[in-house]
Amino acid sequence: MKAFATLIKKLDSTNKTNEKVAALTAYFNQANEDDKLWTIAILSHRRPKRPVNTTLLRHWATEISNVPLWLFEESYHIVGDLAETIALILPTKNSLSETSCETSVDKSLTEYIEEIIKLKTLEEKQKKEYLQSTWLNLNYFERFVFNKIITGGFRIGVSQKLMTRALSRATEIDEDILAYKLMGNWTPETTTYQKLILETNEEDYLSKPYPFYLAYAVENNFQEDLGNINEWSFEHKWDGIRSQVIIRNDEVFVWSRGEELVTDKYPEFQKFLTNIPNGTVLDGEILPFGNNQIGNFNDLQTRIGRKNISKALLEKTPVILNAYDLLEWEGEDIRQKPFSERRKILDTLIGNINSEEIGLYLSETMRFNNWDDAANERELSREKRSEGLMLKRKDSPYLVGRKKGDWWKWKTDPFTIDAVLTYAMRGHGRRANLYTDYTFGLWNEGKLVTFAKAYSGLTDAEFRQVDAWIKRNTLERFGPVRSVTPHHVFEIAFEGIAESSRHKSGIATRFPRILRWRKDKPMEEANTLDDLKALIPK
Amino acid sequence: MQETPLLIFNDNGIYCSQAEVYIDAWKPVDKCIITHGHADHSRWGHKNYITHTKNVPIIKHRLGEINVTGKDWGETFTINSVTFSLHPAGHIVASSQVRVEYKGEVWVFTGDFKTENDGIAEPFELVKCNTFITECTFGLPAFKWTPQAEVFTDINNWWATNKTENKTSIIFGYSLGKAQRILKHLDTSIGKIYTHGAIENMTNVLRENYNFHETTRITRDTTKKELLGNIVIAPPSAHGGTWIRKMVPYVTANASGWMTFRGARRRRAIDKGFVLSDHADWDGLLKTVKETGAEKVIATHGYTEIFSKYLREEMGLDARTEKTQYEEESGESAKKEGEVAE
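Note that the structure is a prediction, hence the values are computed from the model and not measured. The residue numbers shown here count from 1 along each chain, following its written sequence. Chains and ligands are labelled sequentially in the order written, the chains with letters from A and the ligands with numbers from 1. Local features in this predicted model are restricted to residues of pLDDT 70 or higher, and side-chain atom pairs are both shown and tallied only at a pLDDT of 80 or more, whereas totals for entire chains, interfaces and linings draw on every residue. Note that the side-chain values use all heavy atoms of the structure and ignore hydrogens as well as water.

**Observations concerning the pairing of strand β5 (residues 48-52) of chain B**
Residue and element names in this part refer to chain B.
Thinking step 1. For β5, the tally of buried residues reaches four of five residues, placing the bulk of the element in the interior.
Thinking step 2. Pairing of strand β4 (residues 31-33) with β5 involves three bridges; the strand directions are parallel. Directly across from C32, in β5, lies its bridge partner Y49.
Thinking step 3. Two elements, β5 and strand β6 (residues 68-71), share four bridges in a ladder whose sense is parallel. Paired with H52 across the two strands is K71, which belongs to β6. Three exposure classes are used, based on accessible area relative to the maximum for each residue type with a 1.4 Å probe and protein chains only: buried under 20%, partly exposed in between, and exposed over 50%. Each helix is a run of H or I in the DSSP string that is no shorter than four residues. Each strand is a run of E no shorter than two, and both are numbered from the N terminus. Strand pairing is defined by DSSP finding a minimum of two bridges between the two strands.

Pasting the structure below:
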């Protein structure tokens, strides 16, 4: 655990990618295989199930800290991280200092995690005893790491990509191959380091998806940089759930981009088995599709959240797969073939089936002779229920992860509206103790009606300014939330808009964020709810 | 009719109407007692300043030619039957608490204070009182300081490690107080100590009364090469500016109580955070409140609402808060970040 805690501390205390990779590589070179596997798991968001709910954690931590619960809650709002708050308020047998790291007993990372997993089966009293005594035996930073393993969400600025790079350096296995090995539904309880990383085992690959290729947004003047327009294939950028559908061995597997196996959520895709041969992997977008047309992303929300997909829901919100790429064909990985060739096979495959019956459609490719024509098509995006255009180089292979060069997204300009800041909440992580999470309202009959929350879009300096203003202009406090004097106007951008009965305003917006601070605009001139409603596509 | 309290909080500052004297006023007044040299406590424009003798050169350096009277620790002075005296607050060099006594009733205002002896500031003196007006910048149980000896071991180790990598160490600290505290405890066997001009100027003022290691001011002629492996003490405002850009390759650190929070360090894009504060931590605040024997406590700045609620509910004290214009709640006001006295 000491080695792991030291690693996390190192990762946490530098902003430089090279140093992070170096620290991880060094760790992978010296840790035992079990610890390595757990480290990989944790850094790819595969933590053990939470054995204790956070309410109990709070109670047990305050009990041995001589801190009343209300004070713990206040501290938590300010610290912005539960694991960190608990680590901070517990009595310090061992100090914050680095020099005093040697005082605690050491068990390996794996031993601690095994204890945490076992905890789930214990009585509450035993859980409490275990946690309290463990806390008191760890020094501050180890305690923080231990709590993080329990509560989850290790956000320390290490992406899976960065971790994979370090692992690649330590094992001398190619980064893309490692990325592939790390995909899928494994946990350290179901595999070993040997099996997952070092061995090649055909059976394991049955359900395994390929790493997704992700596009960057186009840059300024991209038209010049992309060269001959004839080298590019265009498609609409569909607004659904990016996913890979695998058909192997008479089974269907559906993976979301977050590497989550979501097969059970889309039972309609079982129909693919009748028409799609084994050894096929499709890349595409899951879209809501009622009455033979693409629905709104909001409809999909009801499908994403549910564990049990009822018959009624299936009828109310049917989905389809809109396929745009083929990664495996006849059992062969064809990602290195040019896009145009992959598409040719895909086009034939889907051309020969009855899309309506199977629920498998083709995302049409388009070609344009000049950028003006392409731009005109982009203008139609909203009408066609897309988010803009995708540009794919015809001769490009299917790459791993987010890479510049062969795929670009050219999104439509967002919707924008000017709204008034009404509530603020303290942020988390690097924004802890700063009011950075805002709620915005629009005018309706002389009152401000909440319509969206946004957390991003201002610079650090602007956030500090708004934070200071909020502290001076607080009307009321509700736990971590403050209502503020309506005054400041912000331009809010968002990608999609739809009517919604779940929202106070009756409107749901998609991915709202702050575009800019309209210091020039008095709040009376902010937009109205009717202005917002007028943006809903008819 | 109820008697006017000995000290009240009005639009100008903390006011003793009986003596017609202010303490750490934030608007220009006739007569003002100053606890210490940080900008939010010693403001410009008062007609007469009263402060500790050793603070006189400090505020003169900051405010220019002012009309100021110096007092020694514990020296009493009486204005219209109100007796005043200054007592070490341990916050920074020459920082005072102000004791105010009238008709047997004693009030103390801490200004800013810390309980740990930092080796340069005159150590905090506990003053018994009836009403205790206190700061609580770090008034949350999440704040617990490590003895500074350990922190300075960490800082010196950090410097030594950077030196082996042939990098320049840059450590940020407020130019009055934190900078000299760091300077005092650096291990000069590791290398040379360089300073930003603002810190060099202030340190030279302090050398009149205090001993510090030798420092070298960074000028236009200072070369990148001579800095390598050595340490630079700079004010937080220098971070991200052109001034440090020419020192590449360097590693940055911040020494502040706010470094307790991981988020605070990451937000500032600083490589390393050392938890080192010139304010009292949670335990220090509570212990001091208890030991003053005060029945009434007024919290002026910091996590005031939370702190006074704790004093009321958990310690049974008559505690409340007063709005002042001293440093704000989070230490991250719209002022240039880090310029906040800490």
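After that view, the rundown keeps rolling.
**Quick notes on the sheet that holds strand β7 (residues 77-79) of chain B**
Residue and element names in this part refer to chain B.
Thinking step 1. An order of β7-β8-β9-β10-β11-β18-β19 is seen for the seven strands of this open sheet, with the pairing classed as mixed. Here the strands that pair on one side only, and so sit at the sheet edges, are β7 and β19 (318-321). With strand direction ignored, the average angle separating the axes of adjacent strands in the sheet is 25°.
Thinking step 2. The sheet contact formed by strand β9 (residues 96-102) and strand β10 (residues 105-109) spans five bridges and is antiparallel. Residue pairing across strands places E101 opposite V106, the latter belonging to β10.
Thinking step 3. In this fold helix α8 (residues 282-292) packs onto β11 (131-136) and β18 (296-302), with an angle of close to 175° to the strand it touches most, β11.
Thinking step 4. Along the sheet, helix α9 (residues 304-315) contacts β11, β18 and β19; its crossing angle with β19, the most-contacted strand, is approximately 170°. In this analysis, axes come from line fits to C-alpha atoms, helices being fitted only over the stretch in contact, and the angle between any two N-to-C directions falls in the range 0 to 180 degrees. Note on contacts: a residue pair qualifies if any of its non-hydrogen atoms lie within 4.5 Å across the two residues.

**Describing the pattern of salt bridges**
Residue and element names in this part refer to chain B.
Thinking step 1. Just to be clear on terms, a salt bridge is a Lys or Arg side-chain nitrogen sitting within 4 Å of an Asp or Glu carboxyl oxygen. Considering all chains together, one arrives at 42 salt bridges over all chains under this definition.
Thinking step 2. The salt bridge involving D30 is made with K47; its shortest N-O contact spans 3.3 Å. On the criterion of sequence distance, the pair formed by D30 in the loop between β3 (21-23) and β4 and K47 in the loop between β4 and β5 is long-range, its members being 17 residues apart.
Thinking step 3. D278 serves as the salt-bridge partner of K114, at 2.8 Å between the closest nitrogen and oxygen. Of the two residues, K114 sits in the loop between β10 and β11 while D278 sits in the loop between β17 (272-274) and α8, which places them 164 residues apart along the sequence. The same class applies to K114 and to D278, which are both buried.
Thinking step 4. Members of the salt-bridge network, linked through shared partners, are K114, E116, D118, R181 and D278.

**Observations concerning the sheet that holds β3 of chain B**
Residues and elements named next belong to chain B.
Thinking step 1. Here we have six strands laid out as an open sheet, ordered β1-β2-β3-β4-β5-β6, and mixed in their pairing. Looking at which strands have only one partner, the edges of the open sheet turn out to be β1 (8-9) and β6.
Thinking step 2. In the packing of helix α1 (residues 56-63) onto the sheet, the strands contacted are β5 and β6, and the crossing angle to β5 comes to about 135°.

**Here we look at the nonpolar core**
One broad rule of soluble globular proteins: the nonpolar side chains tend to lie buried together.
Thinking step 1. Buried Ala, Val, Leu, Ile, Met, Phe, Trp, Tyr and Cys residues form a nonpolar core when they are joined through side-chain atoms within 4.5 Å. By size, the foremost hydrophobic cluster in this structure holds 100 residues, and its most contacted members are F4, L24, L131, V145 and F146 of chain A.
Thinking step 2. Element by element, the count of residues in this core is highest for helix α9 (residues 140-151) of chain A, at seven residues.

**Some words on the packing of aromatic side chains**
Thinking step 1. Any two of the Phe, Tyr and Trp rings considered here, Trp counted by its six-membered ring, make a pair once their centres fall within 6.5 Å; the pair's planes then place it as stacked at under 30 degrees, edge-to-face at over 60, or tilted in between. What the rule picks out here adds up to 42 aromatic pairs over all chains.
Thinking step 2. Measuring from ring centre to ring centre gives 5.5 Å for F490 of chain A and W517 of chain A, while their planes differ by 15°; the resulting arrangement is stacked. Of this pair, F490 of chain A sits in strand β19 (residues 489-494) while W517 of chain A is found in strand β22 (residues 513-517), placing the two residues 27 residues apart along the sequence.
Thinking step 3. Exposure remark for W517 of chain A: the relative accessible area of 12% places this residue in the buried category.
Thinking step 4. An aromatic cluster is defined as three or more aromatic residues linked by ring pairs; in this entry it consists of F138, F143, W145, W258, F261 and Y303 of chain B.
Thinking step 5. Counting as a charge over the ring demands two things of the Lys NZ or Arg CZ atom: a distance within 6 Å of the ring centre and an angle within 35 degrees of the ring normal. Between R382 of chain A and the ring centre of F415 of chain A, over which it is positioned, the NZ or CZ distance is 3.6 Å.

**Concerning α9 of chain A**
All names here are of chain A.
Thinking step 1. The end-to-end C-alpha distance of α9 is 16 Å, a good match for the 16 Å that twelve residues give at a rise of 1.5 Å each.
Thinking step 2. Extensive coverage of α9 is indicated by the burial of twelve of its twelve residues.
Thinking step 3. At the N-terminal boundary of α9, the capping side chain belongs to N139, with an oxygen 3.1 Å from the backbone nitrogen of F141.
Thinking step 4. The positive-phi residue at the C-terminal boundary of α9 is G152, with phi of around 85°. Each residue after the first adds 1.5 Å to the expected span of a helix. Whenever a nitrogen or oxygen atom comes within 3.5 Å of another N or O atom, the pair is scored as a polar contact, on the condition that within protein one atom can donate a hydrogen and the other can accept it, and that pairs from neighbouring residues in sequence are kept only if both atoms are in side chains.

**Some details on a negative patch on the surface**
Thinking step 1. Here, patches come from residues exposed beyond 30% relative accessible area and free of salt bridges, joined within 9 Å for like charges and within 5 Å for nonpolar side chains (Val, Leu, Ile, Met, Phe, Trp, Tyr). Using a 1.4 Å probe, the Shrake-Rupley method yields the accessible areas, and only the shown protein chains count as cover for residues. Only four residue types enter the tally: Lys and Arg on the positive side, Asp and Glu on the negative side; His and the chain ends are excluded. Here the site of a charge means NZ on Lys, CZ on Arg, CG on Asp, or CD on Glu. A surface patch of negative charge is lined by E33, D34, D106, E111, E114 and E189 of chain A.
Thinking step 2. Tracing the backbone shows D34 of chain A in helix α3 (residues 33-43).

**A look at helix α6 (residues 82-89) of chain A**
Thinking step 1. Counting buried residues along α6 of chain A, eight of its eight residues qualify, which places the element largely inside the surrounding structure.
Thinking step 2. Within the sequence span of α6 of chain A, burial applies to L82, A83, E84, T85, I86, A87, L88 and I89 of chain A.
Thinking step 3. Those residues of α6 of chain A that are buried lie in contact with α4 (54-63), α5 (69-79), α8 (124-137) and α9 of chain A together with α7 (262-267) of chain B.

**A word on the side chain of S65 of chain A**
Thinking step 1. With respect to the helices and strands, S65 of chain A occurs in the loop between α4 and α5.
Thinking step 2. In this structure, S65 of chain A is in contact with I89, L90 and P91 of chain A, ignoring residues within four places of it in sequence.

**Topic: the domain arrangement of chain B**
Residue and element names in this part refer to chain B.
Thinking step 1. The domain boundaries assigned to chain B delineate domain 1 (8-143 + 278-321) and domain 2 (148-274).
Thinking step 2. In this document the domain limits rely on a domain assignment from an automatic tool or a database. When each unit is reduced to the centre of its C-alpha atoms, the spacing between domain 1 and domain 2 is 29 Å.
Thinking step 3. Each partner contributes to the interface: domain 1 provides 24 residues, whereas domain 2 provides 21 residues.
Thinking step 4. The junction of domain 1 with domain 2 conceals about 1900 Å² of combined surface from both sides, 68% of it contributed by carbon and sulfur atoms. Note on definitions: buried area is the accessible-area loss of two parts on being combined, 1.4 Å probe, summed for both.

**Looking at the interface of chain B and chain A**
Thinking step 1. Taken together, the contacts link 39 residues of chain B with 48 residues of chain A.
Thinking step 2. Taken over both partners, the interface formed by chain B and chain A buries close to 3700 Å², and the fraction arising from carbon and sulfur atoms is 49%.
Thinking step 3. Counting across the interface, chain B meets chain A through four salt bridges.
Thinking step 4. Measuring nitrogen to oxygen at the nearest pair gives 3.1 Å for the salt bridge that ties R262 of chain B to D12 of chain A.
Thinking step 5. In this structure, the connection of chain B to chain A is made through seven residue pairs in polar contact (both at pLDDT 80 or more).
Thinking step 6. Within the residue set of the side of chain B that touches chain A, elements represented by two or more residues are α2 (148-164), α7 and α9 of chain B.
Thinking step 7. Top element by residues in the side of chain B that touches chain A is α9 of chain B. It accounts for six residues.

**Structural notes on unusual backbone geometry**
Thinking step 1. Cis geometry marks the peptide bond from V248 of chain B to P249 of chain B; its omega dihedral reads 0°.
Thinking step 2. When you line up the elements, P249 of chain B lands in the loop between α6 (242-245) and β16 (250-255).
Thinking step 3. In this structure, N249 of chain A is a non-glycine residue whose phi angle is positive, near 55°.
Thinking step 4. One can find N249 of chain A in the loop between β4 (241-248) and β5 (251-256).
Thinking step 5. Phi angles above zero are rare outside glycine, and N291 of chain A is one such case at about 50°.
Thinking step 6. Take N291 of chain A: it is sitting in the loop between β6 (280-290) and β7 (293-294).

**Quick word on the packing of helix α3 (residues 178-185) of chain B against helix α4 (residues 197-206) of chain B**
Residues and elements named next belong to chain B.
Thinking step 1. Between α3 and α4, the least distance of the axes is 10 Å, while the angle of their chain directions is 75°. Classified by the angle between their axes, α3 and α4 sit roughly perpendicular to one another. Touching A179, Q180 and L183 of α3 are I199, M202, T203 and L206, all from α4.
Thinking step 2. Taken together, the residues of the contact of α3 with α4 break down into five nonpolar, two polar and no charged. Roughly parallel means an angle under 35 degrees; roughly antiparallel, over 145; roughly perpendicular, 65 to 115; everything else is oblique. Three classes are used, and their members are as follows: Ala, Val, Leu, Ile, Met, Phe, Trp, Tyr, Cys and Pro are nonpolar, Asp, Glu, Lys and Arg are charged, and the others, Gly among them, are polar.

**Let's talk about the confidence of the model for chain A**
Thinking step 1. A score between 0 and 100, pLDDT records how confident the predictor is in each residue. Taken over all residues, the pLDDT of chain A has a mean of 89, while the share at 70 or more is 96%.
Thinking step 2. Note that pLDDT drops below 50 for residues 99-103 of chain A; the model gives that stretch eleven contacts with residues more than four away or on any other chain.

**Side note on the environment of R207 of chain B**
Residue and element names in this part refer to chain B.
Thinking step 1. Here R207 shows up in the loop between α4 and β14 (216-217).
Thinking step 2. Accessibility expressed as a relative area gives 27% for R207, which makes it partly exposed.
Thinking step 3. C-alpha separation for the pair R207 and N156, spaced 51 residues apart in sequence, amounts to 23 Å.
Thinking step 4. A polar side-chain atom of R207 sits 3.2 Å from the main-chain carbonyl oxygen of F212.
Thinking step 5. A polar atom in the side chain of R207 sits 2.9 Å from the side chain of T215.

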